[in-house]
Amino acid sequence: MNTQEYKALLKSRLSPYRYYHSLCVAESAVVLAKKYGADPEKAYVAGLLHDITKEADKAEHFALLEKADIKLSELEKRSPKLWHAMSGSAYLRLNLGITDEDILRAVYYHTTARAGMSALEKVIYIADFISADRDYDDVEIVRTLAKKDLEETMLYTGRYTINELLQKGACIHPDTVACYNELKLNI
Ligand code: DGI
Ligand code: FE
Ligand code: FE
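Reference entry: report on the structure contained in this document. As the structure is a computational prediction, the values presented were derived from the model and not from experiment.

**Considerations on the coordination of the iron ion (ligand 3)**
Here is step 1 of the chain: Within the first shell, the iron ion (ligand 3) binds the protein through His21 (NE2), His50 (NE2), Asp51 (OD) and Asp128 (OD), at distances of 2.2 to 2.3 Å.
Here is step 2 of the chain: Counting gaps between the donor residues of the iron ion (ligand 3) yields the pattern H-x28-H-D-x76-D.
Here is step 3 of the chain: Metal-to-metal, the separation of the iron ion (ligand 3) and the iron ion (ligand 2) is 3.5 Å; aspartate 51 coordinates the two. Taken together, the positions of histidine 50 in the loop between helix 3 (40-49) and helix 4 (58-67) and aspartate 128 in helix 8 (residues 119-130) put the pair 78 residues apart, joining distant regions of the chain.
Here is step 4 of the chain: For histidine 50, a relative accessible area of 0% puts it in the buried group.
Here is step 5 of the chain: Classification of aspartate 128 as buried rests on a relative accessible area of 9%.

**Examining the layout of surface pockets**
Here is step 1 of the chain: If you add up the space inside the largest pocket, you get close to 870 Å³.
Here is step 2 of the chain: Contributing to the lining of the largest pocket are 29 residues, with Lys81, Thr111, Thr161, Leu165 and Lys168 lying nearest its centre.
Here is step 3 of the chain: If you list the elements that add at least two residues to the lining of the largest pocket, you get helix 2 (16-36), helix 6 (80-95), helix 8 and helix 10 (150-168).
Here is step 4 of the chain: For the lining of the largest pocket, the leading source of residues is helix 10, giving five residues.
Here is step 5 of the chain: Class assignment of the residues belonging to the lining of the largest pocket gives a composition of 11 nonpolar, eight polar and 10 charged.
Here is step 6 of the chain: Quantified by volume, the second largest pocket comes out at close to 160 Å³.
Here is step 7 of the chain: Contributing to the lining of the second largest pocket are Ser28, Val31, Leu32, Lys35, Ile130, Arg143, Ala146 and Lys147.
Here is step 8 of the chain: Only helix 2 and helix 9 (139-146) provide two or more residues apiece to the lining of the second largest pocket.
Here is step 9 of the chain: When residues of the lining of the second largest pocket are assigned to their parent elements, the largest contribution, four residues, is made by helix 2.
Here is step 10 of the chain: Taken together, the residues that form the lining of the second largest pocket break down as four nonpolar, one polar and three charged.

Calculation criteria
- Residues numbered from 1 in each chain as written.
- Chains lettered and ligands numbered in written order.
- Predicted model: local features only at pLDDT ≥ 70, side-chain atom pairs only at ≥ 80, totals over all residues.
- Heavy atoms only, no water.
- Donors = N, O, S within 2.8 Å, 3.2 Å for Na, K, Ca; no water.
- Helix = DSSP H or I, 4+ residues; strand = E, 2+ residues; numbered from the N terminus.
- Buried < 20%, exposed > 50% of the residue type's maximum accessible area, 1.4 Å probe, protein only.
- 1 Å grid on protein atoms, 1.4 Å probe; cavity = no way out; pocket = protein on both sides within 12 Å on 5 of 7 lines; lining within 4 Å.
- Points joined across faces, edges and corners; volume = space filled by probe spheres on them.
- Nonpolar A, V, L, I, M, F, W, Y, C, P; charged D, E, K, R; others polar.

Just distances and angles here, no functional claims.
Following this line, the structure appears as structure tokens:
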């Protein structure tokens, strides 16, 4: 499939707002990839497709996860916001024939992050935070940081996410905590 076909597919699966978000993340991902030594073409594809199952229903998420042999932990079963990252990666592998493990992991971990992320994985995680459509309190701080230092940006966004989740009383995925701790120990 080429880029135009990916876009047509996304348009059929996503609301106009979410489709626009996907285009914005793809563009931000290319900029970050060039700056931080990831492959810009992979960044564009992963950015474009990262939320491909964001508007799927529960049955579709679970069918994809089962088909891809992805077993959910108790915490993951009870955190619907996390499903689209895992099922999205499964969709890319099963339905689009994408075999590049770095792209597949970049989508899989774009919501939780994890310890030991590749440059591409970090690029997609941060692109999702700073894309042109984003508008939250700290977005300008994160955009400025992202122009300077990828690790510092990961630490800031990791802390921001954990704070938000704590305030909402949500569970924190162990990969999110592991990512934060790794950054904290290495910076
Ligand atoms: O899909 P997007 O809206 O573009 O962004 P995303 O994939 O980063 O999803 C953000 C949502 O995921 C937000 O509501 C917070 C939630 N989230 C992120 N990390 C965790 C999490 N939820 C839980 N329960 N645990 C996490 O570690
Ligand atoms: Fe997402
Ligand atoms: Fe997103």
